[in-house]
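Structural features, examined
What follows is the residue order along each chain.
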Amino acid sequence: MSAAEQFVQSACRLGPVPQVAGIRLHLADDALGLWQRAEDEFGADQQPPFWAFAWPGGQALARYVLDHPGVVAGRSALDLGSGSGLVAIAAARAGAATVAASEVDPLAVAAIGLNARANGVAAPAVTGDVLDGDGAGAEVVLAGDVWYSRPLAERVLGFLDRVTARGASVLAGDIGRAFLPRDRFRVLDVSDIPVMAGLEDSGVKRTMVLQPIPGARR
């Protein structure tokens, strides 16, 4: 077992995801404490531990994929900004032909593998930063909670434009953060997702599953 996997197992507990019955993840209770511990063990440039929490957009998107397996069944799926791997695991459970995860944090890569094994699915192939491309090879791109900063949102939007231009499908999950271009998407589903109040501004977030509007452009 790698040092990253040992860290994930020691820092988190394996537990259920509130909105996605049947899927378990290695989850943490203290974001700041975990981030400090990761910096102490892996260096000061360690990214925030997004992988250690079940974010609302990912929960809503995973639930939607499981409830509507036809969106991924028999198709190649890419989980963008995979974090814990929750959406990738849901895609595998729903019958995706292949599943890949885009993630740049080595601790997240370790968490994705551990979480996939804990749920009895093959670990997805993990790619790094894909945002300068068009997701070639993926027939469905799943993007949960990727709109939390302007620079990232701009790169994601350009990427998703290129994905849809080549004919692939896109589904996104988000609570309606400030950098989400709402006029570019239509809402497919809305649900109230329980989250850690310390990560968001409340313990329950109204969360949307979204799909790009054909022809909508900046």
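A brief structural summary. (Residues numbered from 1 in each chain as written. Predicted model: local features only at pLDDT ≥ 70, side-chain atom pairs only at ≥ 80, totals over all residues. Heavy atoms only, no water.)

**Focus on the side chain of Thr-207**
Going by this rule: Here a helix means four or more residues in a row that DSSP labels H or I, a strand means two or more in a row labelled E, and each is numbered from the N terminus. Residue exposure (1.4 Å probe, protein chains only): buried if accessible area is under 20% of the type maximum, exposed if over 50%, otherwise partly exposed.
Locating Thr-207 in the fold gives a position in strand 9 (residues 204-212). For Thr-207, a relative accessible area of 0% translates into the label buried.

**Notes on the nonpolar core**
Note the cut-off: Nonpolar cores are built from buried Ala, Val, Leu, Ile, Met, Phe, Trp, Tyr and Cys residues. Side-chain atoms within 4.5 Å join them into one set. Should any heavy atoms of two residues lie within 4.5 Å, those residues are counted as being in contact.
Residues Leu-80, Val-141, Trp-147, Phe-159 and Leu-160 are the most contacted members of the largest nonpolar core, which totals 23 residues. Broken down by secondary-structure element, the contributors of at least two residues to this core are strand 3 (76-80), strand 6 (140-144), helix 6 (150-165), strand 7 (169-174) and strand 9. Non-local contacts of Val-141, meaning those with residues more than four positions away in its chain, are made with Leu-78, Leu-80, Phe-159, Leu-160, Val-163, Ser-169, Val-170 and Leu-171. Counting 18 residues, the second-largest nonpolar core is a separate cluster that includes Ala-60, Val-87, Ala-91 and Leu-171.

**Examining the layout of surface pockets**
Where we set the bar: A 1.4 Å probe that fits but cannot get out identifies a cavity on a 1 Å grid over protein atoms alone, an open set with protein on both sides within 12 Å along at least five of seven lines counts as a pocket, and a residue lines either if it has an atom within 4 Å of a point. Grid points are joined across faces, edges and corners, and a volume is the space filled by probe spheres set on the points. Under the convention adopted here, Pro, Cys and the residues Ala, Val, Leu, Ile, Met, Phe, Trp and Tyr are nonpolar, Asp, Glu, Lys and Arg are charged, and Gly plus all remaining residues are polar.
The calculated volume of the largest pocket comes to roughly 680 Å³. Lining of the largest pocket is provided by 34 residues; of these, Gly-81, Glu-103, Asp-145, Val-146 and Tyr-148 occupy positions nearest its centre. Residue assignment for the lining of the largest pocket shows that the elements contributing at least two residues are strand 3, helix 4 (86-93) and helix 6. Per-class residue counts for the lining of the largest pocket are 18 nonpolar, eight polar and eight charged.

**Here's the deal with the packing of aromatic side chains**
How two aromatic rings sit relative to each other is given by the distance of their centres and the angle of their planes. For clarity, the cut-off: Pairing of aromatic side chains here covers Phe, Tyr and the six-membered ring of Trp, requires ring centres within 6.5 Å, and sorts the geometry by plane angle: under 30 degrees stacked, over 60 edge-to-face, intermediate tilted.
Enumeration over the complete set of coordinates arrives at six aromatic pairs. On the numbers, 5.3 Å between centres and 90 degrees between planes, the contact of Phe-7 with Phe-42 is edge-to-face. On the criterion of sequence distance, the pair formed by Phe-7 in helix 1 (residues 3-11) and Phe-42 in helix 2 (residues 31-42) is long-range, its members being 35 residues apart. When the centroid spacing of 5.8 Å and the interplanar angle of 75 degrees are considered together, the rings of Trp-147 and Phe-185 count as edge-to-face. In this pair, Trp-147 sits in the loop between strand 6 and helix 6 while Phe-185 sits in strand 8 (residues 185-194), placing the two residues 38 residues apart along the sequence.

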